[in-house]
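In case you want the letters, here they are:
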Amino acid sequence: MKVVETFVSINGEGQRAGELAMFVRFQGCNLRCSYCDTMWANDKDCPCEELTPDEIYDKVAASGVQNVTLTGGEPLLQSEMPQLLKRLVSNPHLRVEIETNGSVDLAPYTKEHRPSFTMDYKLPSSGCESKMLLSNFSHLKESDTVKFVAGSYEDLERARQIITKYQLTKMCKVYLSPIFGQIEPAKMVEYMTEHQMNDVRLQIQMHKVIWDPNERGV
């Protein structure tokens, strides 16, 4: 498996924001979102370490941290992901989350050894909305999250349409997150208030507040 970095930090977003997590970042992504903050990891020539699922598991276990976040890039492009999930999920002390971009089928990962998913829905300003796999919504449950990263009023309108059409707040957690530097969070709160967006949470990327927004390994 192509791993570009592993590190322990806090979860900057999601249901366990603020908690320590062991991050495993994989190389490669099938999308090129306009606002991507890990584009360096998407390049197929990005320096990486080839690790087996067992070697990754050993790194996670050695960290002593219970939350595990598999991220990228797009982690579900890794062919050995089922084997890694089997090792990680079989450990009852670990809480395993996959951050996925919404374009890869979740179905193969929802039977045995199921992690929790934080799945993006790419809004218009991303340039990748056409790549979204809408059938993924049918595989979500309470432990999962759908994240909408918004940079404009148009993005917020589209997010609200999708949340309403698929009744997402009834099946999983739903977060709105601002594209850093493109939209003021206060404007998003105004929009949420105006449209009575109950059970939707505003989320700030905590790691970009604590550290430099471009810093790696945090």
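Quantities reported herein were computed from a predicted structural model and do not represent experimental measurements. (Residues numbered from 1 in each chain as written. Predicted model: local features only at pLDDT ≥ 70, side-chain atom pairs only at ≥ 80, totals over all residues. Heavy atoms only, no water.)

What follows is about helix α4 (residues 185–194). Residues of α4 that are buried: Met188, Tyr191 and Met192. End-on, the buried residues of α4 take up no more than an arc of 100 degrees, which puts them together on one face. Along α4, exposed side chains directed more than 90 degrees from the buried face belong to Thr193 and Glu194. Residues of α4 that are buried make contact with β7 (145–150), α3 (153–165), β8 (173–178) and β9 (200–202). (Buried < 20%, exposed > 50% of the residue type's maximum accessible area, 1.4 Å probe, protein only. Helix = DSSP H or I, 4+ residues; strand = E, 2+ residues; numbered from the N terminus. Arc of directions from axis to C-beta. Contact = heavy atoms within 4.5 Å.)

With that settled, the discussion passes to the nonpolar core. Formed by 54 residues in total, the largest nonpolar core has its most connected members in Leu70, Met81 and Phe148. Ignoring anything within four residues of it in the chain, the contact list for leucine 70 reads Val24, Phe26, Pro75, Met81, Leu84, Leu85, Leu88, Val96, Glu97, Ile98 and Glu99. (Core = buried A, V, L, I, M, F, W, Y, C linked by side-chain atoms within 4.5 Å.)

Our next topic: the environment of valine 68. Looking at the secondary structure, you find valine 68 in strand β4 (residues 67–71). Once residues lying within four places of it in the same chain are set aside, the contact partners of valine 68 are Met22, Val60, Leu88, Leu94, Arg95, Val96 and Glu97.

Pairing between side chains of opposite charge can happen when the charged atoms of each approach one another. According to the stated counting rule, one finds twelve salt bridges in the structure shown. Close ionic contact of arginine 87 with aspartate 54 constitutes a salt bridge, the shortest N to O distance being 2.7 Å. One end of the pair, arginine 87, is in helix α2 (residues 81–89); the other, aspartate 54, is in helix α1 (residues 53–63), and 33 residues separate them in sequence. Linking aspartate 120 and lysine 147 is a salt bridge whose minimum nitrogen-to-oxygen distance equals 3.4 Å. (Salt bridge = Lys/Arg side-chain N within 4 Å of Asp/Glu carboxyl O.)

Turning to the environment of isoleucine 10, a few remarks are in order. Following the sequence through the fold, isoleucine 10 ends up in strand β1 (residues 2–10). Its relative accessible area of 17% is what places isoleucine 10 among the buried residues. Spatially, the C-alpha atom of isoleucine 10 lies 8.4 Å from that of methionine 22, the residues being twelve residues apart in sequence.

What follows is about the packing of α1 against α2. Packing of α1 against α2 leaves a shortest axis separation of 9 Å and a crossing angle of 35 degrees. The two elements α1 and α2 cross, and the hand of that crossing is right-handed. Facing α1, whose interface residues are Pro53, Asp54, Ile56, Tyr57 and Val60, α2 presents Gln83, Leu84, Arg87 and Leu88. The class makeup of the residues in the contact of α1 with α2 is six nonpolar, one polar and two charged. (Axes fitted to C-alpha atoms, helices over the stretch in contact; angles between N-to-C directions. Left-handed = near helix turned anticlockwise from the far one by under 90°. Nonpolar A, V, L, I, M, F, W, Y, C, P; charged D, E, K, R; others polar.)

This part is about the side chain of aspartate 144. Tracing the backbone through its elements, the reader meets aspartate 144 in the loop between β6 (116–121) and β7. Within the structure, the side chain of aspartate 144 is placed 2.5 Å from the side chain of arginine 114, a separation counted as a polar contact. (Polar contact = N/O pair within 3.5 Å; in protein donor to acceptor, adjacent residues only side chain to side chain.)

Next up on the list: the layout of surface pockets. Here the second largest pocket defines a volume of roughly 240 Å³. Lining the second largest pocket we find 17 residues, and of these Gln15, Arg16, Glu97, Ser116 and Ser143 sit closest to its centre. Those elements that provide at least two residues to the lining of the second largest pocket are β4, β5 (95–100) and β6. Residues that form the lining of the second largest pocket fall into these classes: four nonpolar, nine polar and four charged. (1 Å grid on protein atoms, 1.4 Å probe; cavity = no way out; pocket = protein on both sides within 12 Å on 5 of 7 lines; lining within 4 Å. Points joined across faces, edges and corners; volume = space filled by probe spheres on them.)

In this description, an aromatic ring pair is defined by two values, namely the gap between the centres and the angle between the planes. Evaluation of the coordinates by the stated rule reveals five aromatic pairs. Look at tyrosine 121 and phenylalanine 137: their rings are 6.2 Å apart centre to centre, the planes differ by 25 degrees, and that puts the pair in the stacked class. Here phenylalanine 137 lies in the loop between β6 and β7 and tyrosine 121 lies in strand β6, a separation of 16 residues in the sequence. When sorted by exposure, tyrosine 121 lands in the same class as phenylalanine 137, which is buried. (Phe/Tyr/Trp six-rings, centres within 6.5 Å; stacked < 30°, edge-to-face > 60°.)

Below, the discussion takes up the pairing of β8. Along β8, six of the six residues are buried, which leaves the element largely enclosed by surrounding structure. The side-chain alternation of β8 yields two buried faces, one formed by Lys173, Tyr175 and Ser177 and the other by Val174, Leu176 and Pro178. One ladder, built from six bridges, connects β7 with β8; its direction is parallel. Within the sheet, the bridge partner assigned to threonine 145 lies in β8 and is lysine 173. For the segment spanning β7, α3 and β8, crossover handedness is right-handed. One crossover worth recording links β8 to the parallel β9 by way of α4, and it is right-handed. (Pairing = 2+ DSSP bridges. Right-handed = clockwise from strand over helix to strand, strands pointing away.)

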